[in-house]
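# Structural overview
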Amino acid sequence: MKEKPENFTAGIHNDDYENEYLQTRLDASILVNTAGRKTESLNGKWSFAADLYDTCRRQGWFRQERLNAEGRELPLDFDWESHERITVPSSWNLQKPELYYFEGFGVYSRTFRYAPRVKGERLLLRFEGAAYRTTVFLNGKIIGTHDGASTPFNADITDIVKEDNRITVSVDARRSPLRLPMENTDWFNYGGIYRDIYLVRLPSAYIKDWFVRLSPDDASVILADVYTLNSDGSSSNGKAFIEIPELGICQEIDVKNGKGDARISANAQLWNPKNPKLYDVKLTFNCDASGSNAGSGDCSGSDCRSESNHYVDTVSDRIGFRTIKVKGHEIFLNDKKIFLKGICVHEDHFKLGKTTNEEIIRRTIRDLKEMNGYYLRLAHYPHDPRFARIADEEGVLLWEEIPVYWAAAFSNDGTYADAENQLTELILRDRNRASVIIWSIGNENPDTDARFSFMSRLAQKAKAIDSSRLVSAACLINHHKLLIEDRLEKFLDVIGINEYFGWYDPDFEKLPKILENSKPGKPVLICEFGADARLGQRGTEDELWTEDKQKKVYEQQTETFKKCPYIAGTTPWILYDFRCPRRFNSYQEGFNRKGLIDADRVTRKPAFFVMREYYGSF
Ligand code: GCB
């Protein structure tokens, strides 16, 4: 048998074409922290085609020329100029009625011009989120592929970029049992490049990442880690300087083999919901040890860095300092006991899908505060990076989560690698945010051996990257033994549980029994409880889908929580109704109606006020 028949045409007779695109992974190992850097946006109108058969990648559209070597025109199956235009960023499903349910491949393309400003400058291409598998091409070359719908990724395109450039992006939004999010979710997975995309210029030796926080053991010490890189990918040596002018800090950090760290004595005002104090922090790296100030430790000038060559890199951020700890079954923020008064929220928006903006985020926080809350569970995937930044400013505490949800493929090595990569990308993106206090490694996964191994490895990974925060997961209750019981507890700082007594299980009396039977040695967060109510649907408090039934469930739940000593916080499911393609009855009509506010994000249901009263009462 011939390996390859003589009349083989790679573009249409080869189904193994994808491997070529998976050789270069745009993953967490190459992620650069872009906070505080000047960016050049590639948002705006792009040409777009719904590419049902993945023809862009099968036929290699990105490398095809209109004319052959003899200058004769070829019959190409695509034409960037006449493709329709689409807004980037956007969830493509809400851009056109015919794309409302579309979950296939989409091909985007646009041109951009580039001229280097400084000798030796590097150019980084950055995506904040594209769902799900994204393959990037520039000027006829494959840049690489990223997996994961809600975490950032970047690529250094310096060696390929020219004066006039064409960037093409193929986004595969298909659900699959092996992916995360997986095939079956209780929300709609919007597709496309739905978060910002931009360019960043870097000097030839630069700060790849930095992590600044209060020492978990000593609130008078700030810890700073710096990671640097040379343009050829080798690690660099030199001096970094961290400055926090308001605290009178300007400290030199030795960087060897691309890494430096410092313990800095400081008397910072501690960040908390009532006083979300942020400090301007500046970090400079000078890889040339002979530079004018480098190595001298002299920080007395207004700017302790060398201007003498292009190897100087400076980044900045606004950072809050606080500690978060657990003792027994209590949570302590800055050594003060705190009850986490919160609610869950999806990104889903009736006009924009998973695309968001500052106004929407600030309004969400206003709604939370109106409910007397200061804590949000950002379910079930990493939300837009602006969320944690605004939460820092607004004094809101956050639980951030990766989409290891329900029946993830726990026995599959590729799925684990994907989960670990998404977790790493999320933590690297947000670990300088004071608002984020909990990394959640998943939601409602039955306690099997495969899941135990998968999730315990993830919990350890989260701790290894960031030991200054709590690790949790939303676990299931043992419904047979009526007990909070999950082997994963051993690896969690805080046990999250989802329970729907009064709704999926109408026997509400089981909840007090479970809480009484259980003796968790750790704080328990009720990560979810709730009931569906169609806005305006009234009836008796025993009638499903009514506002009255929802209100009753909330009254029963909150009364029960008051009596339980180890509950350290609650996040009912959920702030707003959201689109959900599994929900078809006449009250749902494609939406999950457990919101305390309608999908219009304005109209409150009576249960909203039950939560407001509960949170206002202590
Ligand atoms: C859950 C899930 C959440 C669902 C919710 C529901 O336990 O974690 O994603 O949307 O229940 O409404 O059933």
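Here, the structure is the one placed above.
Below, the structure is looked at part by part. As the structure is a computational prediction, the values presented were derived from the model and not from experiment.

### A word on the environment of G328
Residue placement: G328 occurs in the loop between β20 (324-327) and β21 (330-333). Setting aside anything within four residues of it in sequence, one finds G328 in contact with G521, K522 and P523.

### With respect to the sheet that holds strand β17 (residues 259-265)
As summarised here, the arrangement of the 3 strands in space is β13-β14-β17, forming an open sheet in which the pairing is antiparallel. Two strands lie at the open edges of the sheet, namely β13 (205-215) and β17, each paired on one side alone. Ignoring which end each strand starts from, the neighbouring axes of this sheet average 15° apart.

### Describing the layout of surface pockets
In this approach a probe as big as a water molecule rolls over the atoms, and the regions it shows empty are the leftover space. Of the voids in this model, the largest pocket is the one considered here, and its volume is about 660 Å³. In this structure, the largest pocket is lined by 35 residues; those nearest its centre are T34, A35, R126, E128 and R389. Those elements giving two or more residues to the lining of the largest pocket turn out to be β1 (39-41), β12 (197-202), β13, α4 (385-394) and α5 (413-430). Looking at the lining of the largest pocket, the element that brings in the most residues is α4, giving 5 residues. Considering only residue class, the lining of the largest pocket consists of 11 nonpolar, 7 polar and 17 charged.

### As for helix α7 (residues 510-517)
Within the sequence span of α7, burial applies to L511, I514 and L515. Around the axis of α7, the buried residues are gathered within 95° of arc, so they sit on the same side. Looking at the packing, one finds that the buried side of α7 touches α8 (547-562) and β30 (567-570).

### Here's the deal with the environment of L525
Position of L525 among the secondary structure elements: in strand β29 (residues 524-528). In this structure, the C-alpha to C-alpha distance between L525 and A115, residues 410 residues apart in sequence, is 52 Å.

### Quick notes on helix α9 (residues 606-616)
Residues of α9 that are buried include every one of A607, F608, V610, M611, Y614 and Y615, and no others. Buried residues of α9, seen end-on, are gathered within an arc of 160° and therefore sit on one face of the element. In this structure, the buried residues of α9 make contact with β23 (340-345), α3 (358-370), α8 and β30.

### Observations regarding the site of the ligand
As a matter of local geometry, the ligand sits amid 14 residues, with D186, Y405, E444, Y504 and K594 nearest to it. One nitrogen or oxygen atom from the side chain of Y500 is found 3.3 Å from an oxygen atom belonging to the ligand. In the complex, the protein chains occlude 97% of the 320 Å² of accessible area that the ligand would expose alone. In terms of residue class, the shell around the ligand is built from 5 nonpolar, 4 polar and 5 charged.

### Topic: the side chain of T570
Mapping T570 onto the fold places it in strand β30. The class of T570 is buried, set by a relative accessible area of 1%. Within polar-contact distance, the side chain of T570 engages the side chain of Y615 at 2.7 Å. Dropping the residues within four chain positions of it, T570 is found in contact with F339, L340, K341, G342, I343, I526, F529, F561, M611, Y614 and Y615.

What counts, and at which threshold
Residues numbered from 1 in each chain as written. Predicted model: local features only at pLDDT ≥ 70, side-chain atom pairs only at ≥ 80, totals over all residues. Heavy atoms only, no water. Helix = DSSP H or I, 4+ residues; strand = E, 2+ residues; numbered from the N terminus. Contact = heavy atoms within 4.5 Å. Pairing = 2+ DSSP bridges. Axes fitted to C-alpha atoms, helices over the stretch in contact; angles between N-to-C directions. 1 Å grid on protein atoms, 1.4 Å probe; cavity = no way out; pocket = protein on both sides within 12 Å on 5 of 7 lines; lining within 4 Å. Points joined across faces, edges and corners; volume = space filled by probe spheres on them. Nonpolar A, V, L, I, M, F, W, Y, C, P; charged D, E, K, R; others polar. Buried < 20%, exposed > 50% of the residue type's maximum accessible area, 1.4 Å probe, protein only. Arc of directions from axis to C-beta. Near = heavy atom within 4 Å. Polar contact = N/O pair within 3.5 Å; in protein donor to acceptor, adjacent residues only side chain to side chain. Areas by Shrake-Rupley, 256 points an atom, 1.4 Å probe, with all protein chains shown as cover.

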